[in-house]
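Take a look at the letters that make up each chain.
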Amino acid sequence: MKRLVIGMLAHVDAGKTTLSEALLYSSGNIRKIGRVDHGDAFLDNFLLERERGITIFSKQAMLKIGDDCEFTLLDTPGHVDFSSEAERTLRVLDYAVLVISASEGIQSHTSTIWQLLARYRIPTFIFINKTDLPCPIKEVTMRALRERFGDGCIDFTEGRGEELAEEIAMRDEELLDSFISSSLDSEVLESTTAELISHRKIFPCLFGSALKLKGVDELIALLEKYTVSKKYSDRFAAKVYKISRDEDGTRLTHMKITGGELKTKDVITTGGGKEEKIERIRIYSGAKFTAVDKVVAGQVCAVCGPNETYGGEGLGSEPEALSALLEPVLTYRIVPLEDCIMPELYEFVKKLEEEDPALSADWNERLGEIHVRVMGEVQLEVLERVILDRFGIKVAFDEGNIVYKETIAEPVFGVGHFEPLRHYAEVHLLLEPTGEGSGLSFDTLCSENQLEKNWQRLVMTHLSERMHLGVLTGSPITDMRISLVAGRAHKKHTEGGDFRQATYRAVRQGLMRAKSVLLEPYYSFSLTVPQENIGRAISDVGLMNGSFTPPESSEDGALMSISGYAPVSAMRSYAKDVSAYTRGRGRLVLNFGGYKECKEPDKVISAIGYDPERDPENTADSVFCAHGAGFVCKWNEAEGMMHVENFYRKGQPTEEEWEENAVASAKKRSSLSYEENVLMDKELATIFERTYGPIKKRALPPERTVHDYDKKKSPKTSKPKPVLPEYLLVDGYNIIFAWDDLKKVAEDNLNLARQLLINILCNYQGYRDIGVILVFDAYKVTGGRGSVEKQGGIHVVYTKEAETADAYIERVSLEMAKKYRVRVATSDNLEQMIVLGHGAERVPARIFYEEVCEVRRAIDAEIEELNNKNK
């Protein structure tokens, strides 16, 4: 039997739930079709949903077609305030149906959903709904879909025949050859089309009206015909995507089985290592459920019994889910409107946080306050109602604040020591910035000879278990990688809690030493106003420090639209202004647009007034022991008292020394052989070998001291080394954003920055007389086949679809290192380690910049000398 999970997604009011009802009704799975506006929809079964006419919680329904096709429909919220609920559901989908209103077109949240579908690699069918209302003609809509979502959007309306076959064939080379030669078999076309859809190369589009049941049967036929069964392992695995409670308060863990089977009375091990028994298994369809004794791979169910599970957890052999892309940007304080015990209220809110982890409920014991994070005002209203209905407590919320975050601008080491009497732990960490939107990641680079593996694992646990706060505003840190580089335990006195203290203090000490950067949340906005108000709209966005695309006009010219990004702090209440100056005719749609560097950090830091040295719960100080008693050592004095020598820090120059030696270092590196370079990069080679195994590309000579490089060998003992042709591989975008001058240009015009880098490398190649290959990512270009161009003596490569510049360079460096001296210019640490193992030499972006500057100075000097001769 074909078992698949299909999600229904849309911008609010596009008709998603109505289409879900129509699918269930037309397939014979429900006898009566409900309506959202009538409050009797099969899937919107919560009272609050029926009152508001929107989906708030994801719902499950069984869509059975014939005897061999069983689909689980998951209807998700369409309102942006509940988009985190929709994203959690995406993790268990096999396919998705994206519903778009024909009259409204591709709206702001539609684009956000499309990005999420791409992130989770979910094959997607597109249903253009409400075609019974006034709307653009089909050709206009299809052109807009292709412009926004790519050429894979193909109209699958019945009756297109040969034209449809040709469009499908254009998405696959072999299929196209068969089509051109008129040897395309219908069965081959059908099976290949299904495969192309499953690989997100084709997105079938249908037009109809869910309310009038138009196009619904055609959508059912497409789902039955062009979906492919999944293959699962026999080992038990499951993805938890949601926690809820039924009317009796029973805790339910909603999961998709992704391997093997699950039976009642089975025992599962949760992420915390606790074993819990499955008491009951339910398969829901709307508000009703069927109790079963067993579920198999591909099915979605809700189980009773486990109390330690959480959304995003992987059970059995299933890994943890990706961290959420969408997150709340506003924080509010809960204000009880009647007498209640605040710690008790906090426990109630924590139950709601289990169901919506994005709430991130926080209890400030000193102030006796509860804070929660939300996406917007509609979610606040729903939360207020849920607390009243479920716990009988009437609450309100204060005006709310912005959720800021912090990161660092440069790598920094942090140390922590915890040694009160009969306790001992020391931790050395390396904190590195990893770029916008990358989140937090943790790694260990520490030798097991220095710190045993079990202690290293404990440090990793302590790094990930806590929300670490920055030192500018006390906001959560993000966009950095924290690596364990050294540590020490005591055979008799170390306990698990000692490493927790040392780890927390090391993180904090590193942040105190770092150059911190304040980040603020941005909205991705779409603003539509009457033509006479577009000047006001553009002026307002500019004053908000926002950016936007050129205005676009509606077909009749009456309305103008702009879209872009603006700080949440400036735009959060702008909808009221839009309504006022457009007299209700304007529309503002906001979505989470990520975190960017704060435009006015000093103002925000001053307003918050956070003092990191007066935060005892997040101290950066260490604790040492002397004369039988522990004593506190201030963070800025602790480093010199550490017991462990930090191998990674040893010999690190200061910033000033680095700048002074950069040119000399570049000269020296450019003249060294690969073997010598590896020895100079002893630190990097050690990391590579411990992570990936011994470097086997070339036999390295015995290790020598640095002084050996400068010793001249006698002619009798030295052998001439073969001079290999040299090639330089350059990670284009990596270099652009690593060099400040090009990065500044790229912020305004990426194409110009790319051409400037090409010109720089042409001069470099001409002077050095070596082969230069410049590689740019094109993996996001749908259908991109890659290209190689020769410009001014260098080769410019644009990678093909689904291939990053990193992957291309790693592959090519492995092939070329056998015949050439290969150097790779990049600032990506992992890429540097990998190419090092391939037999190539790594050239950090900073060093390469100095090489380029030196070449430029040499060229200028020769030109000047030539001009002087000609005078």
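Throughout what follows, the structure given in this document is the object of discussion. Everything numeric here is computed off the predicted structure, so don't read it as measured data.

Some details on the overall build of the chain
In terms of helices and strands, the chain carries 27 helices and 40 strands. Within the chain, the fraction of its 871 residues that count as buried is 49%. Within the chain, contacts between residues separated by at least 24 positions form 71% of all contacts whose residues are at least 6 apart in sequence. Surface summary for the chain: the accessible area is close to 42,700 Å², and the carbon and sulfur share equals 48%.

Quick look at the sheet that holds strand β14 (residues 288-292)
Paired through their backbone hydrogen bonds, the strands of a sheet run either parallel or antiparallel. One open sheet holds the six strands; their spatial order is β14-β13-β16-β9-β8-β17, and the pairing between them is antiparallel. In this open sheet, the two edge strands, each paired with only one partner strand, are β14 and β17 (314-316). Geometrically, the sheet is characterised by an average inter-axis angle of 40° between neighbouring strands, direction not taken into account. Looking at chain direction, strand β13 (residues 280-285) and β14 are connected through five bridges and run antiparallel. Considered in β14, the bridge of I281 is made with V292. Contacts from helix α10 (residues 342-355) reach β8 (237-245) and β9 (251-259), with the element oriented near 140° to β8.

Points about the layout of surface pockets
The gaps of empty space that remain are located by a probe, the size of a water molecule, rolled over the atoms. Empty space within the second largest pocket amounts to approximately 1,200 Å³. As for the second largest pocket, its lining consists of 44 residues, and the residues nearest its centre are F46, F57, S244, R245 and R390. Looking at the lining of the second largest pocket, the elements that each hand over two or more residues are α2 (47-52), β2 (59-65), α3 (83-90), β8, β9, β13, α10 and α11 (377-391). Of the residues forming the lining of the second largest pocket, the biggest block, eight residues, is contributed by α11. Considering only residue class, the lining of the second largest pocket consists of 19 nonpolar, nine polar and 16 charged.

Focus: the side chain of S475
As for its placement among the helices and strands, S475 is situated in the loop between α12 (453-464) and β27 (480-489). Side chain to side chain, S475 and T473 meet in a polar contact 2.6 Å long. Look past the residues within four positions of S475 in its chain and what remains in contact with it is Y404, K405, E406, H468, L469 and G470.

Overview of unusual backbone geometry
One non-glycine residue, R422, lies in the positive phi region at around 65°. In this structure, D769 takes a positive phi of about 55° despite not being glycine. Inspection of the secondary structure assignment puts D769 in the loop between α24 (750-768) and β36 (771-776).

Quick notes on the side chain of N591
For N591, the position within the fold is in strand β32 (residues 587-597). Overall, the relative accessible area of 1% leaves N591 in the buried class. Those residues within four positions of N591 in sequence are excluded, and the remaining contacts are V80, S108, H109, T112, Y522, Y523 and S524.

Here's the deal with the sheet that holds β2
With respect to topology, seven strands assemble into an open sheet ordered β2-β3-β1-β4-β5-β7-β6, the strand pairing being mixed. Of all the strands in the sheet, just β2 and β6 (153-155) have a single pairing partner and so form its edges. Within the sheet, the average angular offset between the axes of one strand and its neighbour, ignoring direction, is 25°. In the sheet, β2 pairs with strand β3 (residues 69-75) via seven bridges, with the strands oriented antiparallel. Within β3, the position partnered with I65 by the bridge is C69.

Digging into the pairing of strand β39 (residues 821-826)
Buried residues dominate β39, accounting for six of its six residues. Burial of the side chains of β39 extends over both faces: R821, R823 and A825 are buried on one face and V822, V824 and T826 on the other. The pairing of strand β35 (residues 726-731) with β39 spans five bridges and is classified as parallel. Paired with Y727 across the bridge in β39 is V822. Here β39 runs beside strand β40 (residues 841-844); their pairing, made up of four bridges, is parallel.

Some thoughts on α3
Within α3, eight of the eight residues are buried, which leaves it mostly tucked inside the rest of the structure. Residues of α3 that are buried include every one of S83, S84, E85, A86, E87, R88, T89 and L90, and no others. Of the surrounding secondary structure, the elements contacted by the buried residues of α3 are β1 (2-10), β3, α4 (108-119), β8 and α10.

Re α12
The end-to-end C-alpha distance of α12 is 17 Å, a good match for the 16 Å that twelve residues give at a rise of 1.5 Å each. Where α12 is concerned, the buried positions are W455, Q456, V459, M460, H462 and L463. One side of α12 holds all its buried residues, which, seen down the axis, span an arc of 165°. Packing partners of the buried residues in α12 comprise β25 (425-433), β26 (440-444), β27 and α13 (496-513).

Regarding the pairing of strand β7 (residues 203-207)
For β7, the tally of buried residues reaches five of five residues, placing the bulk of the element in the interior. Neither face of β7 is left uncovered, since the one carrying F203, C205 and F207 and the one carrying P204 and L206 both have all their residues buried. Here strand β5 (residues 124-129) runs beside β7; their pairing, made up of three bridges, is parallel. When the bridges of β7 are listed, I126 appears paired with C205. Alignment of β6 against β7, held across three bridges, turns out to be parallel. Bridge pairing in β7 links C153 to F203.

Some words on the environment of G593
As for its placement among the helices and strands, G593 is situated in strand β32. Along the sequence, G593 and P567 sit 26 residues apart, while their C-alpha atoms lie 9.1 Å from each other. If we skip the residues at most four places from it in the chain, G593 touches Y522, Y523, S524 and Y565.

Remarks on the packing of helix α1 (residues 16-26) against helix α9 (residues 216-226)
In contact at an axis separation of 9 Å, α1 and α9 are set at 75° when each is read in the N-to-C sense. Considering the angle they form, α1 stands roughly perpendicular to α9. When α1 is examined against α9, the residues L19, A22, L23 and S26 are found in contact with a partner set consisting of V216, D217, L219 and I220.

Brief notes about the packing of aromatic side chains
The full count for this structure, using the stated rule, is 17 aromatic pairs. Their ring planes at 50° and their centres at 6.3 Å tell us that Y574 and Y581 sit as a pair that is tilted. Each member of the pair Y574 and Y581 is classed as buried. Taking the centre distance of 5.9 Å and the plane angle of 65° together, the rings of F592 and Y595 count as edge-to-face. Assigned by exposure class, F592 and Y595 land together as buried. In textbook terms, an aromatic cluster arises when at least three aromatic residues are bridged by ring pairs, as seen for W739, Y764, F848 and Y849. When the ring centre of F207 is taken as origin, the NZ or CZ atom of K138, which lies over that ring, is 5.2 Å away.

Each value, and the rule that gives it
Residues numbered from 1 in each chain as written. Predicted model: local features only at pLDDT ≥ 70, side-chain atom pairs only at ≥ 80, totals over all residues. Heavy atoms only, no water. Helix = DSSP H or I, 4+ residues; strand = E, 2+ residues; numbered from the N terminus. Buried < 20%, exposed > 50% of the residue type's maximum accessible area, 1.4 Å probe, protein only. Contact = heavy atoms within 4.5 Å. Areas by Shrake-Rupley, 256 points an atom, 1.4 Å probe, with all protein chains shown as cover. Pairing = 2+ DSSP bridges. Axes fitted to C-alpha atoms, helices over the stretch in contact; angles between N-to-C directions. 1 Å grid on protein atoms, 1.4 Å probe; cavity = no way out; pocket = protein on both sides within 12 Å on 5 of 7 lines; lining within 4 Å. Points joined across faces, edges and corners; volume = space filled by probe spheres on them. Nonpolar A, V, L, I, M, F, W, Y, C, P; charged D, E, K, R; others polar. Polar contact = N/O pair within 3.5 Å; in protein donor to acceptor, adjacent residues only side chain to side chain. Expected span 1.5 Å × (residues − 1). Arc of directions from axis to C-beta. Parallel < 35°, antiparallel > 145°, perpendicular 65-115°, else oblique. Phe/Tyr/Trp six-rings, centres within 6.5 Å; stacked < 30°, edge-to-face > 60°. Lys NZ or Arg CZ within 6 Å of the ring centre and 35° of its normal.

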